[in-house]
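# Structural overview
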Amino acid sequence: MESFVRWAILVRIVNESQSKGHPVGHTYMQKLTYLLQNALQIQLGYSFRIHYYGPYSEEIWQDLRILDELKILNVTPQKDGYGYSITLGENSTLFAGYESTLPKNAISKLVEVLGGCEVKILEIIATTHYAYSFLTSNKLEGSKLAEETAKAVTALKPHIHPNQVSTAIGIMKELAWI
């Protein structure tokens, strides 16, 4: 996907989230972008790997830094030193011409469902989706798939309880994300 379209999608996520009063940070952007690409099947071309808080893409972080340099977004370190605050910058309207090409409904749905969630919840949902997708590609299904997903997630993230994984699977099934 063309960089400008990916950037316009990142700006749209921030704009949509801010308009609903949701704080936007680096982890929030990582998880929503992961789910937009992998659960809602909007092909953005980002590569993800498991990191501290679940699926992570260095390319998203690079794109956010570029958008900050261009003053399209403001990526500001939190005063306590933990994380970043991301807001619209003075040049955020530069991508207005891309509005018609953006997956606005998918972004709106994602922000509506997950916008107010704590980062921990986003981590659980995105990590569960990551593991579930990997295991599905290995031809597991049914209760065995749910059981193996719980094992995989708790092995990767010991602080996540198997019941939280089961809840995340239920939510994603209800939303048709898996």
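Residues numbered from 1 in each chain as written. Predicted model: local features only at pLDDT ≥ 70, side-chain atom pairs only at ≥ 80, totals over all residues. Heavy atoms only, no water.

## Examining the nonpolar core
Operational definition: Remark: nonpolar core denotes a set of buried residues (Ala, Val, Leu, Ile, Met, Phe, Trp, Tyr, Cys) joined through side-chain atoms within 4.5 Å. Partly exposed residues are those whose accessible area sits between 20% and 50% of the maximum for their type, while under 20% is buried and over 50% is exposed, using a 1.4 Å probe and protein chains only. Here a helix means four or more residues in a row that DSSP labels H or I, a strand means two or more in a row labelled E, and each is numbered from the N terminus. Any two residues whose heavy atoms approach within 4.5 Å at even a single point are treated as in contact.
Counting 52 residues, the largest nonpolar core has M29, L36 and L64 as the members making the most contacts within it. When residues of this core are traced back to their parent elements, those giving at least two are α1 (3-19), α2 (26-38), α3 (58-69), β3 (73-77), α4 (104-114), α5 (119-137), α6 (142-156) and α7 (162-174). When residues in this core are grouped by element, the largest group, eight residues, is from α1. Here L36 is in contact with I9, I13, Q41, I42, L44, A106, I107 and L110, once residues within four sequence places are set aside.

## Points about α2
For the record, the criterion: A helix's residues, less one, multiplied by 1.5 Å, set its expected span.
With 13 residues, α2 ought to run about 18 Å at 1.5 Å a step, and its terminal C-alpha atoms sit 18 Å apart, in line with that. Among the 13 residues of α2, 12 are classified as buried, and the element is accordingly described as predominantly covered. The elements touched by buried residues of α2 are α1, β2 (54-56), α3, β4 (84-88), α4 and α5.

## Focus: a nonpolar patch on the surface
Going by this rule: Like charges are joined within 9 Å and nonpolar side chains (Val, Leu, Ile, Met, Phe, Trp, Tyr) within 5 Å, but only among residues with over 30% relative accessible area and no salt bridge; these make up the patches. Each accessible area is a Shrake-Rupley estimate made with a 1.4 Å probe; only the visible protein chains count as cover when residues are assessed. The working definition used for a salt bridge is a side-chain nitrogen of Lys or Arg within 4 Å of a carboxyl oxygen of Asp or Glu.
Judged by side-chain polarity, Y52, Y53 and V119 come together as a nonpolar surface patch covering roughly 350 Å² of accessible area. As for its position among the elements, Y52 is in the loop between β1 (49-51) and β2. Y52 sits in the exposed class, given a relative accessible area of 64%.

## Quick look at the packing of α2 against α4
Each pair of packed helices gets described by two things: the angle between the helix axes and the distance between those axes. Put simply, the test is: Convention adopted: a line fitted to C-alpha atoms gives each axis, helices being fitted over their contacting stretch, and angles between N-to-C directions are expressed from 0 to 180 degrees. Orientation categories follow fixed angle ranges, with anything under 35 degrees roughly parallel, anything over 145 roughly antiparallel, 65 to 115 roughly perpendicular, and all other angles oblique. In this scheme, a crossing is called left-handed if the near helix is turned counterclockwise away from the far one by less than a right angle; it is called right-handed if the turn is clockwise.
Following both chains from N to C, one finds α2 and α4 inclined at 130°, their axes separated by 11 Å at the closest point. For the element pair α2 / α4, the angle class is oblique. Our pair here, α2 against α4, has a crossing hand that is right-handed. Together, Y28, L32, L35 and L36 of α2 and A106, I107, L110, V111 and L114 of α4 make up the contact between the two elements.

## Here's the deal with the pairing of β4
To be explicit about the condition: Any two strands are treated as partners once DSSP identifies two or more bridges connecting them.
Judged from the five bridges that link them, β3 and β4 form a sheet pairing that is antiparallel. By the bridge assignment for β4, L73 is matched with L88. Between β3 and β4, which follow one another and run antiparallel, lie six residues, and G81 among them has a positive phi close to 90°.

## Here's the deal with the pattern of salt bridges
If you walk through the whole model with that rule in mind, you get nine salt bridges. The shortest N-O distance in the salt bridge between E16 and R12 comes to 3.4 Å. Of this pair, E16 and R12 both sit in helix α1, four residues apart, which is roughly one turn of the helix. The exposure class of E16 is buried, given its relative accessible area of 10%. Between K151 and E148 there is a salt bridge, with its nearest N and O atoms 3.5 Å apart. Taken together, the positions of K151 and E148, both in helix α6 and three residues apart, correspond to about one turn of that helix. For K151, a relative accessible area of 46% corresponds to the partly exposed category.

## Things to note about α4
Quick reminder of the rule: Throughout, the arc means that of the directions going from the helix axis to the C-beta atoms.
Among all positions of α4, only A106, I107, L110, V111 and L114 are buried. Burial along α4 is one-sided: seen end-on, the buried residues are contained in an arc of 130°. Of the exposed residues in α4, those oriented more than 90 degrees away from the buried face are N105 and E112. Against the buried residues of α4 lie α1, α2 and α5.

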